[in-house]
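The chain contents come next:
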Amino acid sequence: MARITSLRAEHRQQSHGIGSTAPRLSWIVAGAAPGDVQIGYEIEARGEVIAVEGTDSNLVAWPFAHLTSREVVAVRVRARLRSGEATDWSDELELEAGLLKRSDWAVDWVTPSTSAPAEGVRGTYLARATFTVDAPVVRARVYASAHGIYALEVNGIAPTDELLAPGWTSYGHRVRYQTYDVTPQLTAGQNAIGVELSDGWYRGRIGFHGGVWDNYGTDLAILLQLELTTADGTVTRVPLEHSWRWLPGPATASLYDGEAFDARLVPRGWSAGGYDDSAWQTPAIVPFDSFAADLVAPTGPPVRVTEVLRPVSVEKRENGRYRLDFGQNIAGLLRIRVSAPAGHTVTLHHAEVLENGELATRPLRGAPSVDSYTASGDGVEQWSPRFTVHGFRYAEVENWPAELGEGDVEAVVIHSDMQRSGWFQSSHPGLNRLHENVLWSMRDNFVDLPTDCPQRDERLGWTGDIQVFAPTAAFLYSSTGVLQSWLRDVAAEQKASGSVPNFVPWIECGFPSDASAAWGDAAVIVPWTIYERLGDVGILETQYESMKAWVDQITALARPNGLWSDGFQLGDWLDPAAPPESPGDSKTDKYLVSSAYQAHSTRLFAKAAAVLGKTVDAEHYAKLAQRTLVAFRDEYVTATGRVVSDTVTALALCLVFDLLPEQSMRDRAGKRLVELVAEGDYRIQTGFVGTPLVCDALAAVGAIDEAYHLLLQDQLPSWLYPVSMGATTIWERWDSMLPNGEVNPGEMTSFNHYALGAVADFMHRVVAGLAPAAPGYARVVFAPKPGGGLSSAEAAHDTPYGRASSAWSRDGDRFTLTVEVPTGATGVIRLPSGEPDIEVTSGTHTVDCDYRSIDRDPARPVRWNPHENQNNEKVA
Ligand code: BGC
């Protein structure tokens, strides 16, 4: 029986506090007969039913009058199918609008701290306000934001498990607010709201090279509007302005340093009614309008604890500390349960790896990542910091008051709580662990915004990293909401010239502010990727001016030869041949990289304009792209197809970005690429730019065996070398840890950077054979390319239409492929035997063929150290 599932609005998982007046709706038609398809649907809301003919079910335009602020609307959908079958009405999706207009805010900022204290780790603040409830309340909402990060309590209870709110945006332009349902926390009579505030990203120290202090302002402030709805539907704003009081908080905290919490300093009952706050101070009130930034509703999910890990080993050290290994490198915190006399302090140290038997803290640079808890002496106390986050696998617990017991210390994993949407498995344990590592590096680096790394004094929205990783991110998790927000910040921080900062939000901490290719190109490529993978045309509309400004900027930066070929460039960053202290000194000409990206982005932008029906732009930029291509060839490609530079990255760019016009040139470039890869003994010779492309480039020229050989290499530098060293995340450098166990001496050595994990997209599309052939996977191409000695591989993805999957196995010369196409999509199967394409409709299909393996050199066995991490067991 066909039915509607997964009715959702925009890319959000929760529907209250939505910021759009016309949220687009999506749903899945599940359980339909194979090949059947929706031909019409009805949407009902506010007692109105709108019937539409058509197959659309992804991001369908809101068909009703626009939502107004606070409006609650129940929406449901039913569909008619071509077979004549009709679904029932779906479950209702209750949508609740947030505060959609600036004028909906009728409160001012409340600030317990108007000027920044001396530089150093700073104290938190407690603020409280009281109010009386004298009529039954059917709905109570807190709309809140902050300068700094805040934790909210109502009558002593946190109404949310959200952490690090309001998250990090380009605060000068956009600050997010949260909408909380606090109905269950209210009681008749006196009530109180309590807020603890900390520096977070707004104030304090952020950035590398010593960082920048008080980047956005010197105040900490809370903006909080409480509204109660009574049974007759009346909404009243509760006036809190005269009741706010504050005190210094019980903690000092910063994102990089860590949190020191003294439980003795928590005033008992401080966030509940009936508490005497006469000794508290009156905060300054700063007019709402003195901050010009837009207040915006979140488009992505909140940051929260998504998993709890127990240590896989605990060791008592000679110095009395306990060393804990959680078996997995994470972004997160420790959670302790301790019983200790009042005033006893336990200190928690964190590191990603060990070096010479000790926590390797040097890679953390200016982010000490040390927390401490001072006990109140009140029985068993449970605590986890709330105003910091660390990147770690190992921890040391200092001054534990007794023997450390099972469950006394756990690690909580923290990130934007996105829904998992992609899976990969194969017969190769090393490849599976590599994929698992990519997944973890994504989780660890989607802590509210897409970052480079979660551990050192950086954790910044580096544009180049997400530019290369976006396709993988779009596959593995429903990450669009997080990226939508970040892309708004990209647009907000673009200079008038269209130049894009190298990381967003931008901080002036001494890094060149000139744009770089492959980094700034995120402005075009990330929205395009979301369009391609999610079928979201709206993101092209919203980002259009930003995309265009970037293309205009790189056009303006071009020299008379039409190419962007001078000035600052990060180039093929972290090419393994570059010296550790000079990661931008790649073998590949950095201006070839910038020129190739110039052609690529210009072409993508022309396509985006065409998708939006902007024909004048589409034509103009298509011509511009063509001119850039010609200029690129004139400068970098000989008439017979030799490429200057003669490097793997240069050739991969030419092949994957389709920069070579003639088949003969492509053949020549392909042949040379294969030679170079072989000459390099199938070890990595590429940096951030070439690495995401090299396997695709080899596959594109039919060198699939070589692609596997490179992918499965485990000698340094290679993707599987870190796996063989027990890595549980993707490293920033191929040799972040040297074979002798020492940490790379470079001052920039992280064990958790997703950029080089962008190869997972190749594993999904080419190894397993699941790729979009039309935006949003409305058409799927199943073209697995077996090799590398693999006997099976499979991938599954929750597309906007439902689950699509591709699973193949080999038995001798027999190759069998089973694919799943969701209702509303079609597929094409391209067997490795080269037989004609097979068209498929929705449903499950199994096909097989004779396929003689060309694996010239089957996978080498990967060295394992099974004691290194718990997850080895899962996949071995
Ligand atoms: C970051 C990178 C980034 C690079 C560019 C590094 O410090 O961690 O991932 O893309 O700088 O300069």
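So, how was this worked out
- Residues numbered from 1 in each chain as written.
- Predicted model: local features only at pLDDT ≥ 70, side-chain atom pairs only at ≥ 80, totals over all residues.
- Heavy atoms only, no water.
- Helix = DSSP H or I, 4+ residues; strand = E, 2+ residues; numbered from the N terminus.
- Buried < 20%, exposed > 50% of the residue type's maximum accessible area, 1.4 Å probe, protein only.
- Pairing = 2+ DSSP bridges.
- Near = heavy atom within 4 Å.
- Polar contact = N/O pair within 3.5 Å; in protein donor to acceptor, adjacent residues only side chain to side chain.
- Areas by Shrake-Rupley, 256 points an atom, 1.4 Å probe, with all protein chains shown as cover.
- Nonpolar A, V, L, I, M, F, W, Y, C, P; charged D, E, K, R; others polar.
- pLDDT = per-residue confidence, 0-100.
- Contact = heavy atoms within 4.5 Å.
- Expected span 1.5 Å × (residues − 1).

Caption draft 1: Highlighting the environment of valine 235. Within the secondary structure layout, valine 235 lies in strand 18 (residues 235-237). By relative accessible area, which is 42% here, valine 235 ends up partly exposed. Taking the C-alpha atoms as reference, valine 235 lies 47 Å from asparagine 329; in sequence the two are 94 residues apart.

Caption draft 2: Summary view of the pairing of strand 38 (residues 792-799). Here five bridges tie strand 33 (residues 422-426) to strand 38, and the two strands are oriented antiparallel to one another. Pairing of glycine 422 across the sheet is with histidine 797, part of strand 38. Hairpin connection from strand 38 to strand 39 (residues 802-811): two residues lie between these consecutive antiparallel strands.

Caption draft 3: Representation of the site of the ligand. Around the ligand, the structure places 13 residues, and the nearest of them are Asp452, Arg456, Glu458, Asp465 and His753. Between the ligand and the protein, one listed contact pairs an oxygen atom with a side-chain N or O atom of glutamate 458 at 2.5 Å. In the environment of the ligand, an oxygen atom lies 2.9 Å from a nitrogen or oxygen atom belonging to the side chain of tryptophan 519. Considered on its own, the ligand offers 310 Å² of accessible surface; in the complex 97% of this is hidden by protein. A per-class count over the shell around the ligand returns seven nonpolar, one polar and five charged.

Caption draft 4: Looking closely at the confidence of the model for the chain. Here the chain shows a mean pLDDT of 95. Residues at 70 or above account for 97%. Within the model, pLDDT remains below 50 along residues 861-876, and this stretch shows 40 contacts once partners closer than five positions in the same chain are excluded.

Caption draft 5: Focus on helix 1 (residues 429-445). Taking 1.5 Å per residue, 17 residues should reach 24 Å; helix 1 reaches 24 Å between its end C-alpha atoms and fits that length. Counting buried residues in helix 1 gives 16 out of 17 residues, a clear majority hidden from the surface.

Caption draft 6: The side chain of arginine 141, seen in detail. Here arginine 141 is to be found in strand 10 (residues 137-147). A relative accessible area of 7% means that arginine 141 is categorised as buried. Polar contacts involving the side chain of arginine 141 include one to the side chain of aspartate 181, which spans 2.9 Å. Not counting residues up to four positions away in its chain, the partners in contact with arginine 141 are Glu96, Thr179, Tyr180, Asp181, Val182, Thr183, Gln225, Leu226 and Glu227.

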